[in-house]
Each structure stands twice: as C-alpha cells, then as structure tokens.
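Structural overview
So you can see what is in the structure, the chains are spelled out below.
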Amino acid sequence: MSKVSVLFVCLGNICRSPTAHAVFRKMVQDNGLQDVIDIDSAGTAAYHVGKHPDTRSMETARNRGIEMLDLRARKVDFGDFYVYDYILAMDEENYHNLLDIALPEHKDKIQMFLDYTSEFEESEVPDPYYGGAQGFEHVFDLVDSASQGLLDHIKKTHLV
Ligand code: 4NP
C-alpha cells in the first residue's frame, strides 16, 4: 500500500486547518489508516507560528471528542508542494495564494477542501476568527463533512 499525504491550509493555521487536521486524523485513526495517510496543516500567513490552536477551536473540537492541543501553527513551506499529494485550501483566498507560489507541476495538488462534500451549499470554510462561537461550530460541521468525503475518496482511489 503506498502512502498518501494530506496538507490542510488556511490563513493563520490556528482555527480552520488545525480543526481539519484533528478531525481527519481522528477519522484516519478510527479506520486504522494512520500508517498509510500522513496529515499536517499550515497557514499562508505567519502571524501565529508556534502557537497552539485557538482556544475556541479547541473547545468546539473537544466537545465533539476531538483533541487538538498538540498541534502548533506553521507557515506553508515551498517544500510542502513536493511532499504532499493533497493540498487542501479552506477558502478561495488561500487557494489562490497557494496557486500563485506553486510550480506548474504542483498546481494539480491544490484543491478546495469543500469540493469533498456536497452536504453544504458553501464552497469555502469561512474564517471564524473575528466572529462568535456559532462560527466555530459551523467550521467544525463543514470540516467534519468534507473530511468524511476526503477519506472515502482516498480509500477509493489509493487504497483498493
Ligand atoms: P484561520 O483563522 O485562518 O482559520 O487560522 C484566522 C486566524 C487568525 C487570523 C485570521 C484568521 N488573524 O487575522 O490573526
């Protein structure tokens, strides 16, 4: 079985992409695929490098049985485009920022994360940073749904 690697990307790497990282990690573990699927997350901005996820994201996740205290923010690195098979952007701005810096041969790896769910109308995971608790709940719901779709896709295309 060949390995598959996934990088989730948002702006600060403290709200949306670490939520995706932790939710997808739990699904992968629950499916016994932790040795087959490598997961990380990163931000296109460096404001919060080295910080743990936003306490509101951690609380939302913890209430749903997901732990993310071990995660630390980092910025996307040029080497990531070589390493990761799936580079999944939370919103259009981050998607275009990634496309702008990637080499032509790596651009196909960059996708919108919500392409992996049809359960919601939205195509972007909205930035919850300046909003209230409801925004963090919604981020979790979107991420949870797209993570399930992503796992189904990877199982179908790589792990048969
Ligand atoms: P994230 O959320 O991109 O989902 O981690 C944000 C975190 C911090 C900021 C913006 C968005 N900020 O402007 O500091």
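Every chain's residues receive numbers from 1 upward, in the order its sequence appears when written. For this predicted model, a pLDDT threshold of at least 70 governs which residues receive local features, and a threshold of 80 or more governs which side-chain atom pairs are given and counted, while totals over whole chains, interfaces and linings are taken from all residues. Hydrogens and waters are ignored; side-chain quantities use all the structure's heavy atoms.

Short version of the rule: UniProt positions are given in the numbering used here, feature names are shortened, and annotations may be inferred rather than shown by experiment.
Within an unreviewed UniProt entry, the label attached to the protein reads protein-tyrosine-phosphatase, and the organism entered is Thiomicrorhabdus lithotrophica. On record in UniProt, under Sequence similarities (unreviewed entry), the comment for the protein is "Belongs to the low molecular weight phosphotyrosine protein phosphatase family."

1. Notes on the site of the ligand
We apply this condition: We call a residue near a molecule or strand when any one of its heavy atoms sits within 4 Å of it. Each polar contact in these results corresponds to two N or O atoms within 3.5 Å; when the atoms are within protein, one needs to be able to donate a hydrogen and the other to accept it, and residues that are neighboring in sequence are counted only if both atoms are side-chain atoms. Throughout, the Shrake-Rupley method with a 1.4 Å probe supplies accessible areas, and for residues the shown protein chains are the sole cover considered. Of the two site types, the cavity is a set of points on a 1 Å grid over the protein atoms alone where a 1.4 Å probe fits but cannot get out, and the pocket is an open set with protein on both sides within 12 Å along at least five of seven lines, each lined by residues with an atom within 4 Å of a point. Throughout, a molecule is located in a cavity or pocket provided that more than half of its atoms lie within 2 Å of its grid points.
Near the ligand the following residues occur: Cys 10, Leu 11, Gly 12, Asn 13, Ile 14, Cys 15, Arg 16, Tyr 47, His 48, Asp 127, Tyr 129 and Tyr 130. Between Leu 11 and the ligand, the recorded distance is 3.0 Å, taken from a backbone N or O atom to an oxygen atom. At a separation of 3.4 Å, an oxygen atom of the ligand approaches a polar side-chain atom of Tyr 130. In the complex, 93% of the free accessible area of the ligand, which totals 360 Å², lies under the protein chains. When atoms are counted within 2 Å of each cavity's grid points, the one that captures over half of the ligand is the largest pocket.

2. Thoughts on empty space enclosed by the protein
Our working definition: Grid points are joined across faces, edges and corners, and a volume is the space filled by probe spheres set on the points.
Within this structure, the stated rule accounts for 1 cavity of 30 Å³ or more. Reported here for the largest cavity is a volume of approximately 30 Å³. If you go around the largest cavity, the residues you meet are Asn 13, Pro 18, Ser 41, Lys 51, His 52, Pro 53, Leu 71, Arg 72 and Ala 73.

3. Some words on helix α5 (residues 133–158)
An α-helix turns once every 3.6 residues. As a result, residues three or four positions apart point the same way. As a reminder, the rule being used: Every helix listed is a DSSP run of H or I at least four residues long, and every strand listed is a run of E at least two residues long, numbered separately from the N terminus. By definition here, a helix of n residues has an expected span of 1.5 Å times n minus one. Burial classes follow relative accessibility: with a 1.4 Å probe on protein chains only, a residue under 20% of its type's maximum area counts as buried, one over 50% as exposed, and anything between as partly exposed. By the convention used here, residues are in contact when the closest approach between their heavy atoms is within 4.5 Å.
In a regular helix each residue adds 1.5 Å, so 26 residues correspond to 38 Å; α5 covers 37 Å between its end C-alpha atoms and thus fits that length. Among the residues of α5, Phe 136, Val 139, Phe 140, Leu 142, Val 143, Ser 145, Ala 146, Ser 147, Gly 149, Leu 150, Leu 151 and Ile 154 are the ones counted as buried. Residues of α5 that are buried make contact with β1 (4–10), α1 (16–30), β2 (37–43), α2 (55–63) and β3 (86–89).

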